[in-house]
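Analysis of the macromolecular model
Residues per chain, in single letters:
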Amino acid sequence: MENFINNAPFALVLVCLVIGFVLLIKGADFFVEGSSSAAKRLHVPSIIIGLTIVAMGTSLPETAVSVSASLTGNNELAVSNVIGSNIFNLMVVIGVCAVLTTVEVAKETIKRDIPLSLICAGLLMLLGIIGIGDKSGMMLGHLDGMILIGFFAGYIVYMVRIALKANREGKKVEIEGGSDEDIKLLSVPKSIVFIVGGAVAIAVGGDVTVDAAARIAGDLGMSQTLIGLTIVSIGTSLPELVTSIVAARKNEVDMALGNAIGSNIFNILMVLGIASAISPMAIITENIIDLCVLIVFTVCVWIFAGTKKKIGRVEGFCMVAFYAAYAIYIIIR
């Protein structure tokens, strides 16, 4: 596929990039649907399915892109894709929701989720700079990846225990895709087809997206970091944006901020953990700067959310404006 894309006309490369995004997004949907159905047939509690399979599903496109990029030596794309996706989720997805309708913020999001996301960003920066287990710094090596995966496993166990405890106490637990009504029960053959087909689509989509993005970066004289922070990260985050806009129009954005923060935690711990555990990735100065921007933006959202327990239209406009200013900065730097 790499040879085909490298020798194809530029217009066809753009088409390949779109096809890659479609394969990533629809493949993730099919994989999650098939896996959730299989888990339900094995009598796995819906809360656990929602916290694991469904929650991980939103990060599968980023996982495929980052793993494919790290395996092909496109390290800048692997890291910037995750950071760019996190910034887009936080500032644009939530910002647009807040512009359309007030986003109510759960107490757990303020006291638990946002601080955890800040800790994850700080951990990534620390591992990237000092390079634990590596002979030199500015590198995410195999050991760093295993550390991130270890924290991810601990995070999943922690969230499942909290959810099960709340469920036993009769408290309402709102989890994306975590109710029996939201999980479709498919036949066993259909579940297998969805799981295998979805996995293949994700793998192929990741390869096509990385190859096309690398070719576009080369032809336009753009760095892979810029491509990852903009085109690739926005492309893999578009489903969240569309879903959030639809939910906002229906006044159903209660879980919007919590889902975005959770996705950001998954992206750092799971996506970069898996990618660096498979193939070490170099961290460049721009990655550290972008991580600092992510941390500052997260603190801004924390302040917006904590003042009135909601994010209104003015804050939403500010968040979108902050992202626009950041986008201009990364283009001209």
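Here the structure is a predicted model, which is why all the values come from computation and not from measurement. Counting of residues starts from 1 at the beginning of each chain's written sequence and follows it residue by residue. Confidence filtering applies because this is a predicted model: local features only for residues at pLDDT of at least 70, side-chain atom pairs given and counted only at 80 or more, and all residues used for totals across whole chains, interfaces and linings. For the side-chain quantities, the full set of heavy atoms in the structure was used; hydrogens and water were omitted.

**Looking at the overall build of the protein chain**
How we decide: Note on conventions: DSSP H or I runs of at least 4 residues are helices, E runs of at least 2 residues are strands, and numbering of each starts at the N terminus. Two things to know: the radius of gyration comes from C-alpha atoms, and the globule rule equals 2.2 Å times the number of residues to the power 0.38. For each residue, the accessible area found with a 1.4 Å probe, counting protein chains only, is set against the maximum for its type, and the residue is called buried under 20%, exposed over 50%, and partly exposed in between. We call two residues contacting when some pair of their heavy atoms lies within 4.5 Å. His is not counted, nor are the chain ends; Lys and Arg add positive charge and Asp and Glu add negative charge. To locate a charge, the coordinates of NZ of Lys, CZ of Arg, CG of Asp or CD of Glu are taken.
Along the protein chain, the regular secondary structure elements total twelve helices and four strands. Taken against the 2.2 N^0.38 rule, which gives 20 Å for 333 residues, the C-alpha radius of gyration of the protein chain at 19 Å falls within 12% of a compact globule. Considered along the principal axes of its C-alpha atoms, the protein chain spans approximately 55 × 50 × 45 Å. Within the span of the protein chain, comprising 333 residues, buried residues form 52% of the whole. The long-range fraction of contacts in the protein chain, counting pairs at least 24 apart against all pairs at least 6 apart in sequence, stands at 84%. Between the mean site of the 22 positive side-chain charges and the mean site of the 25 negative ones, the protein chain shows a separation of 9 Å.

**Overview of the packing of aromatic side chains**
Put simply, the rule is: Pairing of aromatic rings covers Phe, Tyr and the six-membered ring of Trp, with a centre-to-centre limit of 6.5 Å; geometry is then stacked below 30 degrees between planes, edge-to-face above 60, and tilted otherwise.
Per the counting criterion, the structure on display carries seven aromatic pairs. Relative to F266, the ring of F152 lies with its centre 5.1 Å away and its plane at 85 degrees, an arrangement referred to as edge-to-face. A residue pair is termed long-range when its members are at least 10 positions apart, and F152 in helix α7 (residues 142–168) and F266 in helix α10 (residues 256–278) qualify at 114 residues. You'll find F152 and F266 in the same group, each marked buried.

**Points about unusual backbone geometry**
Positive phi, normally seen in glycine, also occurs at H43, with a value near 65 degrees. Summarising the element assignment, H43 is placed in the loop between α2 (10–41) and α3 (46–57). Of note, the phi angle at K309 is positive, near 60 degrees, even though the residue is not glycine. Tracing the sequence through the fold places K309 in the loop between α11 (285–308) and β4 (310–311). According to the relative accessible area criterion, K309 is partly exposed, its value standing at 43%.

**Observations concerning the packing of α7 against α10**
Stated precisely, the cut-off is as follows: Axes here refer to lines fitted to C-alpha atoms; in helices the fit is confined to the stretch in contact. Angles between the N-to-C directions go from 0 to 180 degrees. Working rule for handedness: look at the near helix, and if it is turned counterclockwise from the far one by less than a right angle, call the crossing left-handed; if clockwise, right-handed.
Where α7 contacts α10, the two axes come as close as 7 Å, and the packing angle between them is 145 degrees. Our pair here, α7 against α10, has a crossing hand that is left-handed. Seen from α7, the contacting residues are H142, D144, G145, M146, L148, I149, F151, F152, Y155 and I156; seen from α10, they are G262, I265, F266, I268, L269, M270, L272, G273, I274, S276, A277 and I278.

**A closer look at the environment of I289**
In this fold, I289 is placed in helix α11. Considering only alpha carbons, one finds I289 and L60, 229 residues apart in sequence, at a separation of 25 Å. Once residues lying within four places of it in the same chain are set aside, the contact partners of I289 are Y329 and R333.

**With respect to helix α5 (residues 75–100)**
We apply this condition: Here the expected length of a helix is defined as 1.5 Å per residue gap, with one fewer gap than residues. Each residue is assigned a bend, namely the angle between axes fitted to the seven residues that terminate at it and the seven residues that start at it.
Its 26 residues place the ends of α5 37 Å apart at the C-alpha level, agreeing with the 38 Å of an ideal helix rising 1.5 Å per residue. Helix geometry: α5 is bent most strongly at N89, by close to 30 degrees. Counted residue by residue, α5 has 23 buried out of 26 residues, so it is predominantly covered.

**Some remarks on the pattern of salt bridges**
Going by this rule: The rule for a salt bridge is simple: a side-chain nitrogen of Lys or Arg has to be within 4 Å of a carboxyl oxygen of Asp or Glu.
A full pass over the atoms with the stated rule returns four salt bridges. Across the pair D29 and K26 runs a salt bridge, and its minimum N-O distance is 3.8 Å. Within this pair, D29 and its partner K26 are both found in helix α2, separated by three residues, close to a single helical turn. Relative accessible area serves as the criterion here: at 40%, D29 is assigned to the partly exposed category. One salt bridge in this structure joins R112 and D113, with 2.9 Å as the shortest N-O distance.

**Focus on α2**
The terminal C-alpha atoms of α2 lie 46 Å apart, and with 32 residues this matches the ideal 46 Å at 1.5 Å per residue to within 8%. Among the residues trailing α2, H43 stands out with phi positive, at a value near 65 degrees.

**Brief notes about the environment of C300**
Structurally, the position occupied by C300 is in helix α11. For C300 and T243, which are 57 residues apart along the polypeptide, the C-alpha to C-alpha distance reads 23 Å.

**Focus on a nonpolar patch on the surface**
The line we're drawing: Residues form patches when they are more than 30% accessible in relative terms and have no salt bridge. Like charges link within 9 Å. Nonpolar side chains (Val, Leu, Ile, Met, Phe, Trp, Tyr) link within 5 Å. Accessible surface is estimated by sampling points in the Shrake-Rupley manner with a 1.4 Å probe; for residues, cover comes only from the protein chains shown.
Together, M1, F4, L12, V15 and I19 line one region of the surface with nonpolar side chains, adding up to about 460 Å² of accessible area. Note on placement: M1 falls in the segment before α1 (2–7). With a relative accessible area of 53%, M1 lands in the exposed category.

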